[in-house]
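# A structural walkthrough
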Amino acid sequence: MIQRISAVLIATVFLLVTIGLAGAGSNGNSRKGKYLYRKTCRACHKEGATGDRVGKPLSPISKTQADWQKVFDEHKNLPCNDQWEKLSEKDLKDIYAYLYGHAFDSPSPAKCK
Amino acid sequence: MNQTGKKKYAMVIDTSKCYDCKACMIACKVENNVPNDFWRNWVKHTGRISGMRTQFQPGGCMQCDAPSCVEACPVGATYKGKDGLVEINPSRCIGCGNCVTACPYDARYLDPLKHIADKCDFCWHRLLRGEEPACVATCPTKARVFGDLNDPRSRVSELAEREKLVRVVCPSINTEPNIYYFAGTEPLNWPVVPTLPGNVHMPPGFWKYSG
Amino acid sequence: MQANNQRPMSRRRFLKLSGAAAAGTALAGQSQVLHALVKKRGGLQEPQVQRRFSVCDMCFNKCGLIARVEDGVVKMLNPNPKFPKSRGMLCARGNAGTKQLYDPDRLKYPLLRKGARGEGKWQRLSWDEALDHAAEKLKAIGDQYTRCGVLFMAGSDLQSQFVHRFAEVYGSYNVLSHESNCLLSRNRAFLDTFGIVPFPDVLNSKYVIMAGANRFEALVTPDSIDMVTAMKDGCKLVVLDPRFTKTAALAHEWHPIKPGTDMAFFLAVANVIVSENLYDKNFVARNTYGMEQLVQHVRQYPPEWAEQECEIPAKDIRRIARELAVAAPAAIVYPGRRTSDYENSSQIRRSFAIVNALLGNWDRPGGLILPGKVGLSSPGYDAPFYEDNPEERVDFGKALMMFPEEGSFKLSRDAVIAGKPYPVKGWFTYKTNPMQTGANRGKTIEMINELDFMLTVDIQMSDTAWMADLVLPAPSYLERQDPASGLQGGSAGACVITRDPVVPALFESKPVFWILKEIAARLDLGEYFDFTLGEFRKKQLQKLPAAAEALRKDGVYSINNKLYGVQGKKPFRTRSKKIELYSERYKKNGADPMPVYRPPRTVPEDRFRIVVGRNAYITQGSSTNNSLLCQIFPENSVWIHPEPAETLGIREGDEVEVASPVGKGRLKAHVTEETRKDTVYMASGFGVLSKALKNIYGKGACIADILEDYDDEITGNMAMHETMVTVSLAQS
């Protein structure tokens, strides 16, 4: 019985977290996130980027919500993790809110202009 | 400019393609600088809610082969002219208005500024430039087809060959119009009986359809 | 500025033209304006003729045109035969474009309001004064109320993207377009079902149902044209509409459906398709999510039930469902465009989308096809972030699933009036006319009265401009350079369009791009507009090497995108990666995961439901004053059925008053069987407040005065068919 309750609890907590992240403003600030993304990530991740470090061109719409979640869960493995480490917890949440909220399969898919 | 012989300009209209957007009417007004509240062409239609499909029927001066307007002109200002067109000589026209009431299609008007009769001339100035009449060029569904009936390769001749075409004539008089309609698209019996001034001599046979 | 493509006439054609005595004879009265505006060449010299490409802007369709310019005067707009989307046509409005250009009622120089709002007293300003004033006001509002204290609203226009750019760098999230008074509900429904808003391949279809769409009057290219061609090829057209529109008049079947019940019809169609196993089983199994739930769900909606709701006989619903299935996949439930009609419009359109899914018409000839990839580059910029700004839009969270970049005019207006969640004190509008198109005009006026500053950029003194503090004159589409833009043409394929001036801008009119650039410079935001339109366009076209030449040569660059089989095995852009018959996301956001039928408001005995809609001669409030179009459609009237008209003692042409709980209007009655007994209809664009619209001032009534402002609960889109009105003989 206790086992079942905790399973339900875990599921509920998971659901809450997911919903929380998906809703712009409720956790991360998607609009701030857009600004931070442009400032921090876009230089390397835009079309025709030049310089020492050139990443794959990215926009929120380049990945699904699940993929963005995976990127954030596993950013330690990314070649640009050193840049990630410079961002605060709050900044990361904001960027996440932006990318997740406008992902390929989101209700309002968007490109980064 | 006509090397292949005489032209006979005509229009063939597939009324089943018309949805009464009136693009032809505005195009004509702009191209020909038609004065406010006068029109050189129109879109007529059948009664609406009748259980039958509504037909919209575009038209204009029919450039008739037996034109009552020409007969009604006391000074010979309007005449059957080049390439099958019914023409008006503005310098001869006295603005009496006889031709306006003589037309069974109500295709003519007295220009309030120039004080002479005016009507559609199939955009003669455009034809000279190698362009189609404005109403034909702009038509969204290309319901209006224009061309030379004397040229067997023209679209109008092709349609005349292939389709069963009809002409809209008033019951009392057949002026032998040169706008043709696809059969089965229900052209309306709307033309009016022309009224001619009493002092105009009409040749015998003019009222050939009158009882 | 780069000159428009010029094609000087050949010597030979020039000579030919000389022979035409009729050419060039202009009437004194008609051409007064022209004479006043351009330098006339002396003598009887033949005119210098040029043909210049442009793209029409008399409505949103953007059809291709070739302007004939004689001695610097635009004489005629001819269709561009190489333009695939418009298939070489222009409509009545397109042909009347010269009268927008040479309209004596055009705005000519910057105007500052002097008297009370709407009083019509203005002071002429120089551009410097006007721009300084605008910048000063925008700065003051930003400082006092945060940058989100200014609301921006731009209509459908190639330069509207610069209004969005300006709003973003200025720092406001409160940006609206015309869309929340128009098509958001359709977009929401199809996006949430298919992951993308598709285009109907009308041309190749064998069966089309149009419900609440009037393609032979509210023209959409190429759909309106293609519908005729398809019908000539044997396509069947079924129209559901409370009015006998011209689309209904030409359809094979017209069903005068009870307004607001379209969902009942389509749920019953789904019921028949499912219960008789008429759907494309392979397609549904492979590509859809939630079929089991849908099967259960539609069981409660048999045609016999639907008949009671929508007043279309059950046998017809059943037959139509079967006919659709036989014609599938070349069969379409037409998605429609303006869907700002009911409080559950998104769900109504979801039911359309779901039937399409069952027909398996996705990505196939005669079905729903995907927009083409255009490949324009969008020059990026790094907008600043203003830390003192509120977190969200002023209308945030007021609809279940609002588009965050579109918002809702109605909900934003409510928020401005309430001053909550935060004050909005500035309004910038460009080429949109919410005073005419936003239901409940009283509230729009109330909103405007809350503002410290309202700036309107437009071609003419629209009702919205009439209420503004500062009015700035914009050039018409024939006088300006525009950025490039991708244009979707459904089965005509996607293309790239642009505009260059056909003639130089008249008066002191300036394009909104220039206006924004100048204001930005005054607000220390100049770096975000540090380019010319020519440079911008060059960047846009950098990955399309052939585009510039094609635009120069043909006036259009066709993409020739693949039309069918584009989706292939790629996942759908939805949560489940499939077509969502059942939407978990809707459930999560508090909306029905599948459309649940709710009957529309009942119409009381002594009242009528009022519906609105376009005809082919008007573009809402923007073209009714056109001196040619107003000869076809000089004023609007209210359509009323002869039976109730007789009871009310109303005859054809009588002056009547149409009144709702929020307002009223006086106009002529059109007594006709072409509307249901319980439904009256009015066209938009009349009953103007602006005395500067001389051709139509004092004529007809304004829909926005009469309509109540309900909204679609999912998107916040305006719901304009929810108002009940009385109609009575006007007291003189």
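Keep in mind it's a predicted model, so treat the numbers as computed, not measured.

Now for the overall build of chain B. Broken down by element type, chain B carries 6 helices and 10 strands. The buried share among the 211 residues of chain B stands at 59%. Considering only intrachain contacts with a sequence separation of at least 6, the fraction spanning at least 24 residues in chain B is 57%. About 8,800 Å² of surface is accessible on chain B, with carbon and sulfur atoms providing 53% of the total.

Sheet strands pair via backbone hydrogen bonds, and the direction of the pair is either parallel or antiparallel. Residue and element names in this part refer to chain C. Here 3 strands make up an open sheet; going across it, the order is β18-β19-β20 and the pairing antiparallel. The open sheet is flanked by β18 (485–487) and β20 (557–558), the only strands paired with a single partner. Where strand β19 (residues 495–497) and β20 come together, 2 bridges link them in antiparallel fashion. Counted as the bridge partner of Val496 is Tyr557 from β20.

Attention now moves to the sheet that holds strand β2 (residues 64–70) of chain C. Residues and elements named next belong to chain C. Ordered by their spatial adjacency, 3 strands build an open sheet running β1-β2-β3, and the pairing between neighbours is antiparallel. Of all strands in the sheet, those bounded by a partner on one side alone are β1 (49–55) and β3 (73–79). Averaged over all neighbouring strand pairs, the angle between strand axes comes to 30°, with direction disregarded. Here 7 bridges tie β1 to β2, and the two strands are oriented antiparallel to one another. In the sheet register, Arg52 faces β2, and the bridge partner there is Ala67.

All names here are of chain C. Summarising the sheet, strand β23 (residues 637–640) and strand β25 (residues 664–671) pair through 4 bridges and their orientation is parallel. Paired with Ser637 across the bridge in β25 is Lys668. From the end of strand β24 (residues 655–659) to the start of β25, which pair antiparallel, there are 4 residues.

With 48 residues of chain C at the interface, the matching set in chain B holds 41 residues. Of the roughly 3,700 Å² buried where chain C meets chain B, counting both sides, 60% is carbon and sulfur surface. Our count for the contact surface shared by chain C and chain B stands at 3 salt bridges. Put simply, Arg51 of chain C and Glu131 of chain B hold a salt bridge, and the shortest N to O gap is 3.9 Å.

So, on to unusual backbone geometry. Note that the residue after Ala328 of chain C, namely Pro329 of chain C, is joined by a cis bond; omega there is 5°. Along the chain, Pro329 of chain C falls in the loop between α14 (314–327) and β13 (331–333). Following Lys420 of chain C, the chain continues into Pro421 of chain C via a peptide bond in cis, with omega recorded as 5°. Positionally, Pro421 of chain C belongs in the loop between α16 (409–418) and β15 (426–430). Phi angles above zero are rare outside glycine, and His115 of chain B is one such case at about 55°. Checked against the element boundaries, His115 of chain B lands in the loop between β6 (109–110) and β7 (117–118). Judged by its relative accessible area of 54%, His115 of chain B falls in the exposed class.

Turning our eyes to something else, we now look at the interface of chain A and chain C. Across the boundary between the two partners, chain A contributes 23 residues, which contact 29 residues of chain C. With both sides pooled, the region where chain A packs onto chain C buries about 2,300 Å², and carbon together with sulfur makes up 51% of that total. When the area that chain A buries against chain C is broken down by residue, the three leading residues are Arg31, Phe104 and Pro107 of chain A, summing to 29%. Between the two partners, chain A and chain C, sit 7 salt bridges. Residue Glu168 of chain C is joined to Lys34 of chain A by a salt bridge in which the shortest nitrogen-to-oxygen separation is 3.2 Å. Where chain A meets chain C, there are 13 residue pairs in polar contact (both at pLDDT 80 or more). For the side of chain A that touches chain C, the elements supplying multiple residues, two or more each, are α1 (2–22) and α2 (30–40) of chain A. Ranked by the residues each element gives to the side of chain A that touches chain C, the list is headed by α2 of chain A, at 5 residues.

On to the arrangement of the chains. Ranked by contact count, the leading pair among the 2 pairs of chains in contact consists of chains B and C. The two units chain A and chain B remain apart, with a minimum C-alpha distance of 35 Å.

Here we come to the environment of Gly290 of chain C. All names here are of chain C. With respect to the secondary-structure elements, Gly290 resides in the loop between β12 (288–289) and α12 (291–298). Sequence spacing of Gly290 and Lys373 is 83 residues, and the spatial spacing of their C-alpha atoms is 29 Å. Residue contacts for Gly290: discarding those within four places in its chain leaves Leu581 and Tyr582.

Before going further, it helps to examine the environment of Ser62 of chain A. Residues and elements named next belong to chain A. Inspection of the secondary structure puts Ser62 in the loop between α3 (42–45) and α4 (65–73). Measuring from C-alpha to C-alpha, the distance between Ser62 and Asn29 comes to 20 Å, with 33 residues separating the pair along the chain. A polar contact is formed between the side chain of Ser62 and the backbone nitrogen of Ser59, at a distance of 2.7 Å.

Residues and elements named next belong to chain C. Relative to each other, helix α10 (residues 262–275) and α12 sit at 110°, their axes nearing to 9 Å. Classified by the interaxial angle, the pair formed by α10 and α12 is roughly perpendicular. The chirality of how α10 crosses α12 is left-handed. Residues Leu267, Ala270, Asn271 and Val274 of α10 touch α12, and the partners they reach there are Met291, Val295 and Val298. Here the residues of the contact of α10 with α12 are counted per class, giving 6 nonpolar, 1 polar and no charged.

Calculation notes
Residues numbered from 1 in each chain as written. Chains lettered and ligands numbered in written order. Predicted model: local features only at pLDDT ≥ 70, side-chain atom pairs only at ≥ 80, totals over all residues. Heavy atoms only, no water. Helix = DSSP H or I, 4+ residues; strand = E, 2+ residues; numbered from the N terminus. Buried < 20%, exposed > 50% of the residue type's maximum accessible area, 1.4 Å probe, protein only. Contact = heavy atoms within 4.5 Å. Areas by Shrake-Rupley, 256 points an atom, 1.4 Å probe, with all protein chains shown as cover. Pairing = 2+ DSSP bridges. Axes fitted to C-alpha atoms, helices over the stretch in contact; angles between N-to-C directions. Buried area = accessible area lost by both parts, 1.4 Å probe. Salt bridge = Lys/Arg side-chain N within 4 Å of Asp/Glu carboxyl O. Polar contact = N/O pair within 3.5 Å; in protein donor to acceptor, adjacent residues only side chain to side chain. Parallel < 35°, antiparallel > 145°, perpendicular 65-115°, else oblique. Left-handed = near helix turned anticlockwise from the far one by under 90°. Nonpolar A, V, L, I, M, F, W, Y, C, P; charged D, E, K, R; others polar.

Geometric values such as these leave the question of function open.
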